[in-house]
Structures are given as C-alpha cells and as structure tokens.
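Close look at the chain arrangement
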Amino acid sequence: ALAARGVLFEGAQAVSCITLPSHAAMLTGVHPRDLGIVDNFTALRAEALTLAEVFAQEGWRTVAAVSALHRGHGVGGLSQGFERMSAPKFGARPGAESVDQMIAWLDELADQPVFAWVHVYDAHAPYEATEFEGADLEEARRAGGELPLDMRENRARYKGEVRYVDHHLKRLFEHPRVKRGVVAFTADHGEVLGEHGIFFTHDEVYPATLRVPLILSWPGCPAGTRVEVPVSNIGIGRSLLTAAGLGAAEFPGVDLLPYAEAGAGAEALPLFAFSFGAQAASMTWRDRHLILHLVGHPIGKPAALWVSEECQVEFYDLSIDPGCQVDLVEERHEEAARHRRVLIDWLLATE
C-alpha cells in the first residue's frame, strides 16, 4: 500500500549487516568507513552532524521512538538532535509500543513540522509473534519438501513477525499526518534464513543480509514507480530533506529522488558494505558482487560451515545467481581482480 503511493527501490542495500553502523550511516549520511563505527558498541561521536540536528536547525520538532536499547543514546549515541526519544530501559520492546508513542506525539504536535524516527525490532530472532504466525506455521508443517521441519517452522515464524510489523506500521502509515507527509520505510539489514550456513540471524555481507526494503513517499511523487538500479540506504537522509523542501540544507549522501524520474537511465554507483567488526568488506556494482575477507574468520552460525582466509575473495554474478551460491573467482579471475581493485581503492580513501 505504501509503495502504491510512493517509489519502491527494488535493489536497495544497507551499508552493514549489523544495526548500529547501518543506523548511524542513515542518520548522518556518512558511511561506516568514515564514521569508524563497524560494531554495535562504538557510539556516534558528538561532533557528527545528524539528520535530526539539521531538521532542528530548520525549525522542525524532532522525536524518536525506538524499540531496542542500543538504538537509544547510552549505547549508540543516536539520540543526538532529537528533543525527545523514547527507548526501552532493557533489551527490546514490542513495536506496537513505539508506534503508540509516535502517534501520541504526532497528535500533540499537530500544528508543527515534525521529523520523526520510528524503529521496530520485531522481525528479528527470537520470533515470537504467535498470534500472526498460525496460517504460515500450519502450511509449513503440511508442505514437506527438502527443508527440515524446524527450518520451515522458523521461516514461518519469521513471516509471523513480518505480519506483526506490517499490522502496526499500517496504523502509523494511515495517520493523517503521515499519509500526507514524507515517508521513508527501510531496514538496517536483512535476515538470513539458512543461506550460507547462517541460520536466523544477520551475519556476513551476502545479499540475504544486505538487501533491504526501501520505499520513499512524498507529496507529488510519481506514485507506483519502481526503481531497479541498486541504491544505498545511506542516501535516505539527503532524500528526506529534499522531499521536505529543505534541499538547500547541507547534508551528505546521494539524493535518491532523481532516481524516480531517471528510471533505468540512472547511474549505478558501486555500493560498499562491512560485516561485523569489518572482518569482511563487499562491493555490489550493477550485477556483480565481490567480497573481500579482511580477516580470516568462521562463516556460518551457529556452527561454522567454513573458515575464510585473510584477503580471500569471493565473486558472484547476481544476474544468474542472486543468492550468491556459486563463487566465480577462479572462473572470472581477471574481472574479479578489477572489482577487487575498486574496492581496495575505496577502502584506502577513508576519511
């Protein structure tokens, strides 16, 4: 429903497979490479310029309702620029509570411009949305097939969490202020449901972890447009400012709004990402995906499937292998080497 009134970016990708680096990048327009944040316990430093601070400087009210402790200020420093932030005191809370809080604030600030950030955590292990998983769980148990029963059940429970999130975000998206305003819907990372030996968590820099939903909706946008060109969610902040009529405000990042007009003619830029602790870096460029293991480490969770070597390269052709199952690094050695050079040059350009 949101995509029907907005622009859907079909190839959107996060800059990290973990939460804090990805959120920090979205809220600053700066890649984790230059923020120096590649884990979940290095806080954003006070001198960083945040999206909330820019909106506040322009006279907007700024509020955030987040559903996990490490989205709050004490751990991640992400409250910078928000005049109000609601966060759980421990662990995580149901997304419904964050949505309820934001709706209350939007009603309270009805006559003022508001920049609002709502974060929900539920589509994240452990999967516990029991009231939304029933039909999928029954189908999974009947289906049979090659996948073991426990994997089919866990995938069904994950669908239940997605249904739960959809149910409560619908309440937010149908709020009159949100419906006539500017909306960005995305995620900080994907969830791996068994691919590459990674079960029901987010790890490594394969597409299953990096691909994220991204929908932008704003008054006058070309409703129902789909953009195939891969883009990074690091450009969301710049795009929100433009859509809110603040295009002159200084803020880094690639503005994604022109992609909606350019369509297939838009330029495909290399997209870069880090795994936890920068153990690996990746580059997605058009339909090629390269992974460079900066540190040798076990691949697979909860049990290691294999162990990468330091400086090992993986190379995939997404046009024929979107799940990155067949490593072509030996077969297409020269092409892989060219892509590796681009990635290394980017790593060396750290600011």
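Scroll up a little and you will see the structure.
Here's what I pulled together on the structure shown here. These numbers were taken from a predicted model, which means no experiment stands behind them.

Re the packing of aromatic side chains
- In this structure the tally under the stated criterion is 12 aromatic pairs.
- When the ring of Phe274 is compared with that of Trp346, the centres are 5.7 Å apart and the planes differ by 40°; the resulting orientation is tilted. Separated by 72 residues along the polypeptide, Phe274 in strand β12 (residues 271–274) and Trp346 in helix α12 (residues 333–348) bring together distant segments of the chain. Here Phe274 and Trp346 have matching classes, each one buried.
- Every member of this aromatic cluster is reached through a ring pair, and the members are Phe55, Trp60, Phe82, Phe115 and Trp117.

What about the pattern of salt bridges?
- Following the criterion strictly, the structure yields 16 salt bridges and no others.
- One salt bridge in this structure joins Asp34 and Arg33, with 2.9 Å as the shortest N-O distance.
- Among the salt bridges present, the one from Arg142 reaches Glu139, with a minimum N-O distance of 2.9 Å. One end of the pair, Arg142, and the other, Glu139, are both in helix α6 (residues 134–143), 3 residues apart, so they sit about a helical turn from each other.
- The exposure class of Glu139 is partly exposed, given its relative accessible area of 42%.
- In the salt-bridge network here, residues are joined through shared partners; they are Asp287, Arg288, Asp317, Arg332 and Glu335.

What to know about the packing of helix α5 (residues 95–108) against helix α7 (residues 149–173)
- The interhelical angle for the contact between α5 and α7, taken along N-to-C directions, is 5°, at an axis separation of 10 Å. Judged by the angle between their axes, α5 and α7 are roughly parallel. Residue-level contacts link Gly95, Ala96, Val99, Asp100, Met102, Ile103 and Leu106 of α5 to Tyr164, His168, Leu169, Arg171 and Leu172 of α7.

Some points on the environment of Pro126
- Its location among the elements puts Pro126 in the loop between β5 (114–118) and α6.
- Expressed as a C-alpha distance, the spacing of Pro126 and Leu78, which sit 48 residues apart in the sequence, is 24 Å.

Points about the sheet that holds strand β9 (residues 214–217)
- An order of β6-β9-β1-β10 is seen for the 4 strands of this open sheet, with the pairing classed as mixed. Each having just a single partner strand, β6 (183–186) and β10 (225–227) make up the two edges of the open sheet. When the angles between neighbouring strand axes are averaged without regard to direction, this sheet yields 15°.
- In the sheet, strand β1 (residues 7–9) pairs with β9 via 2 bridges, with the strands oriented antiparallel. Within β9, the residue paired with Leu8 across the bridge is Ile215.
- Along the sheet, helix α10 (residues 236–243) contacts β6 and β9; its crossing angle with β6, the most-contacted strand, is approximately 160°.

So, the sheet that holds β5
- With parallel pairing, 3 strands are arranged side by side in an open sheet as β4-β3-β5. Unpaired on one side and paired on the other, β4 (84–86) and β5 mark the two borders of the sheet. Looking at each pair of strands side by side, their axes are set apart by 10° on average, direction ignored.
- Taken together, the 3 bridges between strand β3 (residues 61–65) and β4 define a ladder with parallel strand orientation. The residue of β4 that forms the bridge with Ala65 is Ser86.

Here is what the cut-offs are and how they apply
- Numbering of residues starts from 1 in every chain and runs along the sequence as written.
- Per-residue local features of the predicted model are confined to residues with pLDDT of at least 70, and side-chain atom pairs are confined, for both listing and counting, to 80 or more; whole-chain, interface and lining totals are unaffected and use all residues.
- Excluding hydrogens and water, the side-chain figures rest on all heavy atoms present in the structure.
- Pairing of aromatic rings covers Phe, Tyr and the six-membered ring of Trp, with a centre-to-centre limit of 6.5 Å; geometry is then stacked below 30 degrees between planes, edge-to-face above 60, and tilted otherwise.
- Numbering of helices and strands runs from the N terminus; a helix is a DSSP stretch of H or I covering at least four residues, while a strand is a stretch of E covering at least two.
- Whether a residue is buried, partly exposed or exposed follows from its accessible area with a 1.4 Å probe, protein chains only, as a fraction of its type maximum: under 20%, in between, or over 50%, in that order.
- The salt bridge definition used is simple: a Lys or Arg side-chain nitrogen within 4 Å of an Asp or Glu carboxyl oxygen.
- Convention adopted: a line fitted to C-alpha atoms gives each axis, helices being fitted over their contacting stretch, and angles between N-to-C directions are expressed from 0 to 180 degrees.
- Each angle is binned into one of four classes, with values under 35 degrees roughly parallel, values over 145 roughly antiparallel, values of 65 to 115 roughly perpendicular, and all other values oblique.
- Note on contacts: a residue pair is in contact if any heavy atoms of the two residues lie within 4.5 Å.
- Pairing between strands is defined by DSSP: at least two bridges between them are needed.

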